[in-house]
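# Descriptive analysis of the structure
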Amino acid sequence: MDRRQFLKSGVGLGGMVLASQLIKASQGILGASPTAHVALVRTTDRTWGVNHAINLLGAEPFHGKDIFIKPNFNSADTPPGSTHNDTLAALIRKLNAMGAGPLTIGDRSGMGNTREVMEKKRAFTLAKELGARAVVLDELPSDNWGTIKQPDAHWQRGFALPRLVRSAGGIVQTCCLKTHRFGGHFTLTLKNSVGLAAKRVPGDPYNYMSELHESPNQRRMIAEINAAYKPELVLLDGVEAFVTGGPESGKLVNANVILAGTDRIAIDAVGVAILRYFGTTPEVAHGAIFDQEQIARAVQLNIGVRSPHQIELITDDRDSAEFAKSIRAILDGSPF
């Protein structure tokens, strides 16, 4: 019996009733073949939740890989306006425990000067204390940027990503749970990738982010950035969430959930379902989750799963399992 079979068996979880709840919550439609596992942990303790979600996912060791960590430092606003320092610290410690090599934390802020945002978030101090380094992406020289051009993309000139990110042994992303009132509709893991792309490359006046935010194809363009890389691990901190407004402020709810996975479409689909569970904006609440433009374009680009029935929610306690049942129903199209 492997770890996942053990969890589903109910051994150590209180017997067959809970086992049945876990199976129904995680598998959805009978006969579906899930291809993306998302660990779901209900908690208010970020440090414990980060560790438990990654353990529950069964993430592979990193065996000395140099890892680039992408937090949400779009602004320095209180979480979920930005990544909580407890979440980032727990993630760094966990990666070290999993055998990761040199760790680099980096971002480009969209609402404020990146260095100032990272200083307010104590990113440089935290990195030093935990043996990592922190990098301000928009201070990188021009020769550290490469332009990505994709067939049939909606970017007029492509978009620019740092070479240090693309050459990393692995990328780990940690995002927040919130809506986005400036055209993204929601900002989870797909939208968090925008912080990897340049606003301007030094020596070139072209403003890539103005193009993004002024385009009617903004949500499709968000997905297209994600086709340029594949993360080793994605962690979503949903202990607190903005169900309206965002990205820096909004209507706050205590969602008390942490997700871990490797498939960005799966994480975003589950995140949207959680936003719907708590009541959210018309843009996020309307229609099938996989018809949301960020997700639909990501599916077209083969970034991850193609339907909600390929998502398996993994839990190992009663509270998480009951919540997962509700989220599973929303994923599968049931109104809440």
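Note that the structure is a prediction, hence the values are computed from the model and not measured. (Residues numbered from 1 in each chain as written. Predicted model: local features only at pLDDT ≥ 70, side-chain atom pairs only at ≥ 80, totals over all residues. Heavy atoms only, no water.)

### As for the overall build of the protein chain
A tally of helices and strands in the protein chain yields 14 helices and 12 strands. Taking all 336 residues of the protein chain together, the buried fraction comes to 57%. Restricting to contacts in the protein chain with at least 6 residues of sequence separation, those with at least 24 account for 72%. (Helix = DSSP H or I, 4+ residues; strand = E, 2+ residues; numbered from the N terminus. Buried < 20%, exposed > 50% of the residue type's maximum accessible area, 1.4 Å probe, protein only. Contact = heavy atoms within 4.5 Å.)

### A word on the packing of helix α11 (residues 264-278) against helix α13 (residues 293-300)
For the pair α11 and α13, interaxial distance at closest approach is 10 Å and the crossing angle is 160°. Of the possible angle classes, the one that applies to α11 and α13 is roughly antiparallel. The handedness of the crossing between α11 and α13 is left-handed. Here Ile265, Asp268, Ala269 and Val272 of α11 lie close against α13, whose contacting residues are Gln294, Ile295, Ala298 and Val299. Grouping the amino acids of the contact of α11 with α13 by side-chain chemistry returns 6 nonpolar, 1 polar and 1 charged. (Axes fitted to C-alpha atoms, helices over the stretch in contact; angles between N-to-C directions. Parallel < 35°, antiparallel > 145°, perpendicular 65-115°, else oblique. Left-handed = near helix turned anticlockwise from the far one by under 90°. Nonpolar A, V, L, I, M, F, W, Y, C, P; charged D, E, K, R; others polar.)

### Concerning the pattern of salt bridges
Evaluation of the coordinates by the stated rule reveals 12 salt bridges. Note that Glu293 and Arg220 form a salt bridge whose closest N and O atoms lie 2.9 Å from each other. Separated by 73 residues along the polypeptide, Glu293 in helix α13 and Arg220 in helix α10 (residues 218-226) bring together distant segments of the chain. With relative accessibility at 24%, the residue Glu293 sits in the partly exposed group. (Salt bridge = Lys/Arg side-chain N within 4 Å of Asp/Glu carboxyl O.)

### Some points on the environment of Leu56
The topology assignment puts Leu56 in helix α3 (residues 46-57). We classify Leu56 as buried; its relative accessible area is 4%. In this structure the C-alpha to C-alpha distance between Leu56 and Val41, which are 15 residues apart in sequence, comes to 8.8 Å.

### Focus: the packing of α3 against helix α4 (residues 85-97)
At a closest axis distance of 8 Å, the pairing of α3 and α4 adopts a crossing angle of 40°. Classified by the interaxial angle, the pair formed by α3 and α4 is oblique. With respect to the hand of their crossing, α3 and α4 are arranged in right-handed fashion. Where α3 approaches α4, its residues Arg46, Thr47, Val50, Asn51, Ile54 and Asn55 are matched on the opposing element by Asp86, Thr87, Ala90, Leu91 and Lys94. For the contact of α3 with α4, the per-class residue count stands at 4 nonpolar, 4 polar and 3 charged.

### Digging into the side chain of Thr104
Locating Thr104 in the fold gives a position in strand β3 (residues 103-107). Overall, Thr104 belongs to the buried group, its relative accessible area being 10%. One polar contact links Thr104 to Arg133, side chain to side chain, over a distance of 3.0 Å. Discounting residues that sit within four places of it in the chain, Thr104 has contacts with Ile67, Phe68, Ile69, Arg133 and Val135. (Polar contact = N/O pair within 3.5 Å; in protein donor to acceptor, adjacent residues only side chain to side chain.)

### Section: the packing of aromatic side chains
Applying the stated criterion across every chain yields a total of 5 aromatic pairs. With a centroid separation of 4.9 Å and 75° between ring planes, the pair formed by Tyr277 and Phe278 is classed as edge-to-face. Assessed through its relative accessible area of 26%, Phe278 is described here as partly exposed. Between Tyr277 and Phe323 the ring centres are 5.0 Å apart and the planes differ by 80°, which places this aromatic pair in the edge-to-face class. Pair noted here: Tyr277 is in helix α11 and Phe323 is in helix α14 (residues 318-331), with a separation of 46 residues, a long-range link. Put simply, the rings of Tyr277, Phe278 and Phe323 touch in pairs and so form one group of aromatic residues. (Phe/Tyr/Trp six-rings, centres within 6.5 Å; stacked < 30°, edge-to-face > 60°.)

### Topic: the nonpolar core
Among the nonpolar cores identified, the biggest contains 69 residues, and Ile295 and Ile311 are the most heavily contacted of them. For this core, the element with the highest residue contribution is α11, accounting for 9 residues. In terms of nonpolar packing, the next biggest core, distinct from the first, is built from 36 residues, Ala53, Phe73, Val117 and Ala123 among them. (Core = buried A, V, L, I, M, F, W, Y, C linked by side-chain atoms within 4.5 Å.)

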